[in-house]
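Per-entry structural report
Here are the chains, one letter per residue:
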Amino acid sequence: MKKIKLDIVGLSYSQTQSGAYALVLGEIGGNRRLPIIIGGFEAQAIAVEIEKMQPSRPLTHDLFKTFADNFHIKVQEVLIYNLIDGIFFAKLICSNGDKTIELDSRTSDAVALAVRFGSPIYTYDFIMDAAGIIIESNDFAFLENMENLPQKENTLHKEPEPERKQQIKSPYANLNDEQLEATLNKAIEAEQYETAAKIRDEIERRKS
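A brief report on the enclosed structure follows.

Conventions and cut-offs
- Residues numbered from 1 in each chain as written.
- Predicted model: local features only at pLDDT ≥ 70, side-chain atom pairs only at ≥ 80, totals over all residues.
- Heavy atoms only, no water.
- Pairing = 2+ DSSP bridges.
- Helix = DSSP H or I, 4+ residues; strand = E, 2+ residues; numbered from the N terminus.
- Buried < 20%, exposed > 50% of the residue type's maximum accessible area, 1.4 Å probe, protein only.
- Core = buried A, V, L, I, M, F, W, Y, C linked by side-chain atoms within 4.5 Å.
- Contact = heavy atoms within 4.5 Å.
- Salt bridge = Lys/Arg side-chain N within 4 Å of Asp/Glu carboxyl O.
- Axes fitted to C-alpha atoms, helices over the stretch in contact; angles between N-to-C directions.
- Parallel < 35°, antiparallel > 145°, perpendicular 65-115°, else oblique.
- Left-handed = near helix turned anticlockwise from the far one by under 90°.
- Nonpolar A, V, L, I, M, F, W, Y, C, P; charged D, E, K, R; others polar.

Remarks on the pairing of strand E6 (residues 100–105)
The sheet contact formed by strand E5 (residues 87–95) and E6 spans 6 bridges and is antiparallel. Counterpart to Ile93 in the pairing with E6 is Glu102. Taking the residues that link successive antiparallel strands as the turn, the E5-E6 hairpin has 4 residues, and the phi of Gly97 there is positive, at about 100°.

What follows is the structure, encoded as structure tokens:
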């Protein structure tokens, strides 16, 4: 089967499903996008590394990376290899130089590790055909309507709440830019990454 190389092109908070995020993977050299619904904790693990935040204590994925480095284990690639009933299945291709093994993984965990190891992310063409969306630009307005996207992968976290009839105003909307930056730094220092992600969303909204 033909493998498609992917890159992370977006991580968007859902305005309609509380606690849900859309991780958007883009086909390199193409215009197809693969949106995957993930939970808030999983989104934070990816965003912390992408944004180069420095938590005061290592997160789980950081601990895995340190452990692997000390035992000379590398994640050579991440492969999203199947899609069943709206759930994406992924695996890590790992090697210690002598032996290569495949480890089953949730897609969000696999991507969080890929960004830490600098590993390429792949999927198969049939998955892009089944769940990919063709986008002519980097406009992610289509993520506002997430009901038709594959469901969030199985986690132990609470499922998204039903859609609210009225959009709730951001609690940070009344802060000025300097106050936002100060609040963001305090949230990161306190390891309140979900709060930090929401503040960063407000900062990005003002820039757009």
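Side note on helix H3 (residues 107–117)
Most of H3 is tucked away: 9 of the 11 residues are buried. All of the buried residues along H3 are Thr107, Ser108, Ala110, Val111, Ala112, Leu113, Ala114, Arg116 and Phe117.

Some words on the nonpolar core
Grouped burial of nonpolar side chains is what soluble globular proteins tend to show. One finds Leu6, Leu25, Leu34, Ile80 and Ile121 to be the most contacted residues of the largest nonpolar core, which totals 30 residues. Looking at this core, the elements that each hand over two or more residues are strand E1 (3–13), strand E2 (20–27), strand E3 (32–39), helix H1 (40–50), strand E4 (74–84), E5, H3 and helix H4 (125–131). Among the elements that take part in this core, H3 stands out by supplying 6 residues, more than any other. Excluding its chain neighbours within four sequence positions, the residues that come into contact with Ile121 are Ile4, Lys5, Leu6, Ile8, Leu25, Val78, Ile80, Val111 and Ala114. In terms of nonpolar packing, the next biggest core, distinct from the first, is built from 11 residues, Val48, Leu59, Ala187 and Tyr193 among them.

Some details on the pattern of salt bridges
Within the structure shown, the criterion is met by 12 salt bridges. Among the ionic pairs, Lys52 bridges to Glu49, the shortest N-O distance being 3.1 Å. Residue Lys52 is classed as exposed on the basis of its relative accessible area, which comes to 57%. Its relative accessible area of 18% is what places Glu49 among the buried residues. One salt-bridge network, held together by shared partners, links Glu27, Arg32, Asp125 and Asp129.

A few points about the sheet that holds E1
Strand order across the open sheet formed by 8 strands is E6-E5-E4-E7-E1-E2-E3-E8, with mixed pairing between neighbours. Sheet topology places E6 and strand E8 (133–134) at the edges, where each strand pairs with a single neighbour. Of the strand pairs in this sheet, E1 and strand E7 (residues 121–124) are connected by 4 bridges, and their pairing is antiparallel. The residue bridging Ile4 from the neighbouring strand is Thr123, located in E7. Strands E1, E2 and E3 of the sheet are contacted by H1, whose axis makes an angle of about 120° with E3. Along the sheet face, H3 touches E1, E2, E3, E4, E5, E6 and E7 and points at about 35° away from the line of E5.

Some points on the packing of helix H2 (residues 60–70) against H3
In the contact formed by H2 and H3, the axes pass within 10 Å of each other and the chain directions differ by 55°. Classified by the angle between their axes, H2 and H3 sit oblique to one another. The chirality of how H2 crosses H3 is right-handed. Contact with H2, carried on its side by His61, Asp62, Phe64, Lys65, Ala68 and Asp69, involves Asp109, Ala112, Leu113, Arg116 and Phe117 of H3 and no other residues of that element. A breakdown of the residues in the contact of H2 with H3 according to their chemical character gives 5 nonpolar, 1 polar and 5 charged.

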